[in-house]
Amino acid sequence: MVDFWCQKWNLPLLLCLTGLLQWDLCSGQIQVQIQLGPLYRVKGYPISISCNVTGFTGPPTRDFQFILKKPNMELNIISTSDPEFAYGVFSGRTRNKEIYIQRLSGSSVLLWIKNLQENDAGDLLCVTLHTGGAYYGDYDDEKKLNVIADTLEALYSGSPSQSLSEGDPLQLECQVSSQTFQHTHLMVTWFLHGEEDENPRPVITLDRDLTVKPGAGFEDRYRAGLISMDKVEDTTYRLKMPQVQQSDQGKFFCKATEWIQDPDRSWTQIAHKTTAACDVEIKRIGEIYILSFKPEALRFFLHFHNKNACIKTLTLPFCLFFLPLWSESDLAVVMAMKDAVTEGDALRVVCSVSGFKGPLSVSWQHKKDSGSSFSDVISLTHEGVMKDVGSRYQSRNVQTFHSPAGNFTLELGASATSDSGEYKCIVSEWTVQSNGEMKKANTHSQQKAIIVNSVESLMKVSLKSRTSTVPIDSPVELLCIVRGPKVSLAVRWMFQPHNSTFQTNILSISQTGEMAWRADQRNYQLSIQAQPTASKQQEGQYQCQVDAYQKDVQKAKIISNPLAVIVQKPVSKMSLYSPTSRLETTVNAEAKLECSVTRTTTNTSRFTVTWMFGSQMLLTMDLDAVVKFGPAAGLEMDQRIRTEIRQKQSFQLTIHQVRTSDSGQYHCEVEEWLQDPLGDWYSLKNMSVSTEMVVKEKESKLHVQKDNRMLNITNHQAGFTIDCVIDSQSSDTSGFEVTWFKVQEEGPVTIFTARHDGTLHSAITDKNLVFGRPLATHYKLTVPQISPTDVGQYYCQVEEWLLTANTWKRFASDNSGELSIYVHTEGDSEKQADPLGTTLGVTIPLICFLVLVIILLLIRDHKRNSELTKKKDCLWAENNPLTPVPEGTCAAEDHS
């Protein structure tokens, strides 16, 4: 039920109710809560951080420990139970009470650091100790503490002292500024430290929300316009006192305080500075003595006033009686008002009157500029009746008052810019004539200019962020800061996505507080709730528009500066690996290329894979494993390639029936993708690895039997067969083309061809040659009914063909050995049948005989050795004719 309401409503009230429900549901669960962070505090100032524990049972007092967590390190700071708990870096400060724990209750404490140091920054951990029993809930909590530089400056650059008389004006200025990047507010107070004051007294304050507040004892003078403070431009704060009093004597100084709003929406003072003082002396106006002398009566009347307004008379001995006389008036008028007011605010002008004796009246006049004349605003008679309201003010809430002290006040209820200009007060003193009628006795006037600033001219709208560059999944906070008068505001947030010229409205808040979402609400939440995490959808330029209203009338429309928000992707940790940088293969083989992701940024990373051939894309596989072919695949190659995911992070490209044209550089490009909080995928690093593939022609393994054979044929009706046997081949899928040749003097002559496609072709037309293939690697050609013309040598030639890209190509060639055919004819069948055997049968015995003859001749007659040697050639030809050798002897030798 709790989750349902949290999702249903976004209002703070329901969030509060949700918290109460969760508290009830979790009662009995121990929970430690440290002050909400991150916290920003200024170096050199004291800070306090709260921590409390709830849901525990047992003793009412719990012990606490504070620990500072830094990268790869935890430093003990202080403990309520162990005085030796602190590490060395903090032990000295805890002993000196520069760091201490203030117990608010048994379950709540404050950690105090009197002088914050830079090294105090980190994750601050608050721990409460487990005191036994069952373990429930969290016993610690931590928040980020950031230590920032002190950039607050406050300076009084005027005279160190001033000497004034009562009634003189006093004006002092101080300059206050801060360069803190975090969003902070400034508060400025003017103090007076009088001679009799134990402590300085605040005179007037411009609060952090730009509210002006008078100090104790200065309220009446503030309401009368006799004390004011104005902010001039951005850094100057001016104190104005039109008429100083004797009690104003003392040292005036200015104090600036810098405030920051923490995540729990509370405001915390983080820095303060005090200026040098101006010593102001107020001279008292002396006693005034008036002497009235009537010589004819010989009487003297001494009449004087002092500061206590008491009257004393001195009667000389010869004075017979007292005669009061009308003395001349010392009427004086001083005008006091602000130099500027804001449109819609009340405009007040005060004329302070002194030195009067009788009743007073006042007339108020106004002129817009130097080129126009004064016109009546309103008058107040000496009897206290308002009259003579000017035509411009008939429908305006204009009135004038007279205080007993002699101050006249003109008030316009809701000022307009047309009310700017000079105002004049004309004060008249009245006396009673002898006839009892009132007569105007004395008149004084004063005039002064005032500016009524339009709301729009005073409003400044700025858009800021503590950081405009945020990581994905981190919260981003945009602050639309409005400076100006207190009016009803309507705010509109606008967003222009990155690489877009169109601006959309995110959220509008009317001056009555009504909210209207005009974009995807899931992307944004109000700052009163937990901040959303950033996604790439929220990267772009933001602006806020502020409309100012007074009594439902729009007075201003201000658009802030644009602020670019950059959503950073995390740094990729991906690494890529390829098992080889060079792959050698042969034509028609199957090639496999691989690349693997060996390291990822997160366990949920996903990848797109693109295979490139040179500079062109072969194919790509997206996050959903959908494959698209690129221009390098062409119309044919896409039939020979495929890609697959072998494992979760291993990718393989397979190329079937590779060709030499497939040689080259192959690149495996892998891009890592992560999912942002809104479900959108964004890419991180893109890496690639390369593999060079070299495709070579196959080495020929074709071999045909090469045995030479001879065949003697005597039966003319018989034929002969020429065998062609293939011992080895280059591929299991090879095809063969076999051609038989007969050797002639002019060269080989084709007699028959069996093509690789199965067709047969005979070059001999007068005989029916018979083709046979008893085995895949055994081809036969039979010549029937031999004739004498068939004598000769025969062989076959084998061509090996391979199928490449659906095309048969000649790959290798090899020849067989020769088959010699001999045929016997009638009458000379032996000679015809075996001419080689006959020749050998004659030649060998002849050689033996000649050798024997030579040896005998050498022995018988050594002297004739030279001559016989010279005639040796003749013995071969003339004396020893060749004798045929029987056929059987030669054939036997030949077959041996």
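- By the naming in an unreviewed UniProt entry, the protein chain is Ig-like domain-containing protein, taken from Cyprinus carpio.
- Turning to the protein chain, the UniProt annotation filed under Subcellular location (unreviewed entry) states: "Membrane".

### Quick look at the packing of aromatic side chains
Phase 1 of the analysis: If you walk through the whole model with that rule in mind, you get 11 aromatic pairs.
Phase 2 of the analysis: When the ring of Tyr100 is compared with that of Trp112, the centres are 6.3 Å apart and the planes differ by 10°; the resulting orientation is stacked. Note that Tyr100 is positioned in strand S6 (residues 99-105) and Trp112 in strand S7 (residues 108-113), a separation of 12 residues in sequence.
Phase 3 of the analysis: By relative accessible area, Tyr100 is classed as partly exposed at 28%.
Phase 4 of the analysis: The partly exposed category is assigned to Trp112, whose relative accessible area is 25%.
Phase 5 of the analysis: Taken together, Trp740, Phe752, Phe771 and Tyr779 form an aromatic cluster joined through their ring pairs.
Phase 6 of the analysis: Over the face of the ring belonging to Trp259 we find Arg208, whose NZ or CZ atom lies 4.6 Å from the ring centre.

### Remarks on the sheet that holds strand S32 (residues 421-432)
Phase 1 of the analysis: One open sheet accounts for six strands, arranged S25-S33-S32-S27-S28-S29; its pairing is mixed. With partners counted over all chains shown, the strands left at the sheet margins are strand S25 (340-342) and strand S29 (386-387), one partner each.
Phase 2 of the analysis: Pairing geometry for strand S27 (residues 360-367) and S32, over eight bridges, is antiparallel. Paired with Lys367 across the two strands is Glu422, which belongs to S32.

### A look at the state of the cysteines
Phase 1 of the analysis: The full count for this structure, using the stated rule, is six disulfides.
Phase 2 of the analysis: Residue Cys51 pairs covalently with Cys126 via a disulfide, S to S 2.0 Å. On the sign convention where negative is left-handed, the bridge of Cys51 and Cys126, at about -95° about the S-S bond, is left-handed. With Cys51 in strand S3 (residues 47-54) and Cys126 in strand S8 (residues 122-128), the pair connects residues that are 75 residues apart, well separated along the chain.
Phase 3 of the analysis: Judged by its relative accessible area of 0%, Cys126 falls in the buried class.
Phase 4 of the analysis: Across a sulfur-sulfur distance of 2.3 Å, Cys174 and Cys254 are joined as a disulfide pair. With Cys174 in strand S12 (residues 170-177) and Cys254 in strand S18 (residues 250-261), this pair connects stretches of sequence that are 80 residues apart.
Phase 5 of the analysis: Exposure remark for Cys174: the relative accessible area of 0% places this residue in the buried category.
Phase 6 of the analysis: Once the disulfide-bonded cysteines of the protein chain are ranked by sequence position, their pairing pattern turns out to be 1-2, 3-4, 5-6, 7-8, 9-10, 11-12.

### So, the nonpolar core
Phase 1 of the analysis: Core analysis: the biggest nonpolar cluster contains 34 residues, and Leu170, Leu172, Val176, Trp190, Val203, Leu239 and Phe252 have the highest contact counts within it.
Phase 2 of the analysis: Elements that contribute at least two residues to this core include exactly strand S2 (39-42), S12, strand S13 (184-193), strand S14 (201-206), strand S17 (236-241), S18, strand S19 (267-274) and strand S20 (278-283).
Phase 3 of the analysis: Non-local contacts of Val176, meaning those with residues more than four positions away in its chain, are made with Leu152, Glu153, Ala154, Leu186, Val188, Asp234, Thr235, Tyr237, Cys254 and Ala256.

### Here's the deal with the side chain of Thr600
Phase 1 of the analysis: The residue Thr600 is located in the loop between strand S45 (591-599) and strand S46 (606-613) in this model.
Phase 2 of the analysis: Thr600 gets classed as buried once you look at its relative accessible area, which sits at 18%.
Phase 3 of the analysis: When near neighbours in sequence (up to four residues on either side) are disregarded, Thr600 contacts Lys573, Met574, Ser605, Phe607, Gln649 and Glu672.

### Some points on unusual backbone geometry
Phase 1 of the analysis: At the junction of Gly37 and Pro38, the peptide bond is cis and its omega measures out at 5° in the coordinates.
Phase 2 of the analysis: Despite not being glycine, Asn499 shows a phi value in the positive range, around 60°.
Phase 3 of the analysis: When its relative accessible area of 71% is taken as the criterion, Asn499 is described as exposed.
Phase 4 of the analysis: Unusually for a residue other than glycine, Gln785 sits at a positive phi of about 50°.
Phase 5 of the analysis: One can find Gln785 in the loop between strand S60 (778-783) and strand S61 (792-804).

### Examining the environment of Val455
Phase 1 of the analysis: Inspection of the secondary structure assignment puts Val455 in helix H5 (residues 455-458).
Phase 2 of the analysis: Put simply, Val455 and Tyr549 are 94 residues apart on the chain and 9.0 Å apart in space, counted from C-alpha to C-alpha.
Phase 3 of the analysis: Once you skip the residues sitting within four places of it in the chain, Val455 turns out to touch Thr342, Glu343, Pro485, Val487, Ala548, Gln550, Lys555 and Ala556.

### Notes on the sheet that holds S6
Phase 1 of the analysis: The sheet built from four strands is open, its strands ordered S1-S3-S7-S6 with antiparallel pairing. For this open sheet the edge positions go to strand S1 (31-34) and S6, each flanked by a neighbour on one side alone. Averaged over all neighbouring strand pairs, the angle between strand axes comes to 20°, with direction disregarded.
Phase 2 of the analysis: With four bridges joining them, S1 and S3 adopt antiparallel strand pairing. Within the sheet, the bridge partner assigned to Gln33 lies in S3 and is Asn52.

How each quantity is defined
- In every chain, residue numbers begin from 1 and rise along the written sequence.
- Confidence filtering applies because this is a predicted model: local features only for residues at pLDDT of at least 70, side-chain atom pairs given and counted only at 80 or more, and all residues used for totals across whole chains, interfaces and linings.
- To obtain the side-chain values, all non-hydrogen atoms of the structure were used and water was disregarded.
- UniProt positions are given in the numbering used here, feature names are shortened, and annotations may be inferred rather than shown by experiment.
- Aromatic pairing here means that ring centres of Phe, Tyr or Trp (its six-membered ring) are within 6.5 Å. Orientation follows from the plane angle: under 30 degrees is stacked, over 60 is edge-to-face, and everything else is tilted.
- By the criteria applied, helices consist of DSSP H or I runs no shorter than four residues and strands consist of E runs no shorter than two, each listed in order from the N terminus.
- Using a 1.4 Å probe on the protein chains alone, a residue whose accessible area is under 20% of its type maximum counts as buried, one over 50% counts as exposed, and one in between counts as partly exposed.
- We count a charge as sitting over a ring when the NZ of a lysine or the CZ of an arginine lies within 6 Å of the ring centre and within 35 degrees of the ring normal.
- Being paired, for any two strands, means DSSP has found at least two bridges between them.
- Only a pair of cysteine sulfur atoms within 2.5 Å qualifies as a disulfide here.
- In this text, buried Ala, Val, Leu, Ile, Met, Phe, Trp, Tyr and Cys residues form a nonpolar core when linked through side-chain atoms within 4.5 Å.
- Working rule for contacts: check all heavy atoms of both residues, and any pair within 4.5 Å makes them a contact.
- All axes are obtained by fitting lines to C-alpha atoms, using only the stretch in contact for helices, and the reported angles, taken between N-to-C directions, cover 0 to 180 degrees.

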